Amino acid sequence: MLPQLDVGTMLVMTTGVSAAMGAALITVRTRQREGLGLWAVALLMQAVGYALYALRGSIPDVFSVVFANVLLSGAFALTLGAIAQFHGRRMPWLGMVLPVVALAFTFIVLVDHVRVRLVVGSLLMALQLALLPLALWCPRPPAQRRGAWVLTIAVAAQVVVLLARGVLVAVDRLQLAEMLHPDLWQSLVFTTASVVIVLAAFGFVLMTKERSESALTALASRDALTGVANRRHLLQTLERDLAASARQREPYAVLLLDLDHFKQINDTYGHQAGDRVLVHLVELLGRRLRRQDLLGRYGGEEFLVLLPSTDMQGAVGLARALCDDVARTPCVHEGATIRYTISLGVCSGTPLAEDRWNAWIRAADRALYVAKEGGRNRVASQPPR
């Protein structure tokens, strides 16, 4: 048989845990509105609600019963808002406000009807909590899976306990006890609540941490203007791909392309227009590339395209198609139609175990030089050795 814990002590402990975690989350600052502020306020509201629970019998029932439960329901509503804010969605005001209003009305009307109040309150709060994982996983699951699972499991446990208590009270299988009486179900409800507070908050913080780590990784590997891979990420990938292609004896290709007369575009239309042309170029290139290909900004107006499992014929064909696409598709910026072209150097072959990235880049650069010397807006090729 499970031990019956002192409910008053557990309420004090739950109050302290909620208040401490809420205060801790308030100190966390993030660049984006990720919901941590709302979650912190929700924890502080829970702390006040559980404190009022603990004062049952010492203060009027309107505070220890009605106001305490409204605060708890309001805290659940704020956590729903925090999840929406984390996903960058609009606040679900109907799903937030309606359950709180329904619970407040129920407890005001049924303040003297303990059994009905307990059944309706348990079911309303269980339904309100069930909205949290629904908002978290739908319409599509979050990328931060570990934290999401921790939060979901914690909330699901509380939903199960609340539903079980509500049903057992409704079918008269559970004796009603005073709020602070050491009853088994009271102990289970508040034990679960205390654990859920910790786990759910931990899961939400873990989600924001995972997102921040992903953002930092993206910043370290992406070009700030165009969003494609930066030079560092390109060279790391090229070195790794060459080794893999050498082991598998598969062809590999590198395209080095340069935007023709880019300085003239900047001088004529301004640097903002030049930036827009670079973004436009990336959009055009991306339409032709496969999922396994990698496009990146090598430096300035130079871009590098890595093409696994691509021989010289395929690489040159792609380069010519890219060249034609760019020549046929001008960039429109602030009403100005900016026509531009690119030149491409192609290096392709089957890598050897001793090959290094710099040799392949040098070969593509030599081919690019030939294309530019030949009049620009064209493709030249050269093997890596």
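Thresholds, definitions, all that
- Residues numbered from 1 in each chain as written.
- Predicted model: local features only at pLDDT ≥ 70, side-chain atom pairs only at ≥ 80, totals over all residues.
- Heavy atoms only, no water.
- Helix = DSSP H or I, 4+ residues; strand = E, 2+ residues; numbered from the N terminus.
- Core = buried A, V, L, I, M, F, W, Y, C linked by side-chain atoms within 4.5 Å.
- Buried < 20%, exposed > 50% of the residue type's maximum accessible area, 1.4 Å probe, protein only.
- Contact = heavy atoms within 4.5 Å.
- Salt bridge = Lys/Arg side-chain N within 4 Å of Asp/Glu carboxyl O.
- Pairing = 2+ DSSP bridges.
- Axes fitted to C-alpha atoms, helices over the stretch in contact; angles between N-to-C directions.

Trainee: I'd like a description of the environment of Gly317, backed by residues and values.
Mentor: One can find Gly317 in helix α11 (residues 312-328). A C-alpha to C-alpha distance of 9.4 Å links Gly317 and Val379, two positions 62 residues apart in sequence.

Trainee: Any chance you could break down the nonpolar core for me, citing the residues and the numbers?
Mentor: Of all hydrophobic cores here, the largest spans 54 residues; its most connected members are Trp39, Tyr50, Leu151 and Phe204. The set of elements that each furnish at least two residues to this core consists of α1 (7-26), α2 (36-54), α3 (61-87), α4 (93-109), α5 (114-137), α6 (145-170) and α7 (184-221). When residues in this core are grouped by element, the largest group, 14 residues, is from α3. Residue contacts for Trp39: discarding those within four places in its chain leaves Leu25, Thr79, Ala82, Ile83, Leu151, Ala200, Ala201 and Phe204.

Trainee: So, the pattern of salt bridges: which residues are in play, and what are the values?
Mentor: Following the criterion strictly, the structure yields 13 salt bridges and no others. Between Arg356 and Glu239 there is a salt bridge, with its nearest N and O atoms 3.6 Å apart. Within this pair, whereas Arg356 is found in the loop between β6 (342-349) and α12 (357-373), its partner Glu239 is found in helix α8 (residues 231-248), the two being separated by 117 residues in sequence. Judged by relative accessible area, which is 43%, Arg356 ranks as partly exposed. The exposure class of Glu239 is partly exposed, given its relative accessible area of 28%. Residues Lys263 and Asp267 are paired through a salt bridge, measuring 2.8 Å at the closest nitrogen-oxygen approach. In this pair, Lys263 and Asp267 both sit in helix α9 (residues 262-269), four residues apart, roughly one turn of the helix. Each member of the pair Lys263 and Asp267 is classed as exposed. Members of the salt-bridge network, linked through shared partners, are Asp258, Asp260, Lys372 and Arg376.

Trainee: Any chance you could break down the sheet that holds strand β7 (residues 379-382) for me, citing the residues and the numbers?
Mentor: Sheet architecture is open: five strands sit in the order β2-β3-β1-β6-β7, paired in mixed fashion. Edge positions in the sheet fall to β2 (294-299) and β7, since each of these pairs with one other strand and no more. The sheet shows a mean angle of 20° between the axes of neighbouring strands, direction not considered. Summarising the sheet, β2 and strand β3 (residues 302-308) pair through five bridges and their orientation is antiparallel. Within the sheet, the bridge partner assigned to Leu294 lies in β3 and is Leu306. Sitting on the sheet, α11 touches β1 (252-259), β3, β6 and β7, and the angle it makes with β6 is about 170°.

Trainee: Just give me the short version of the side chain of Gln46, but keep the residues and values in it.
Mentor: One can find Gln46 in helix α2. A relative accessible area of 7% places Gln46 in the buried class. Excluding residues within four positions of it along the chain, Gln46 makes contact with Ser18, Leu72, Ala75 and Ile197.

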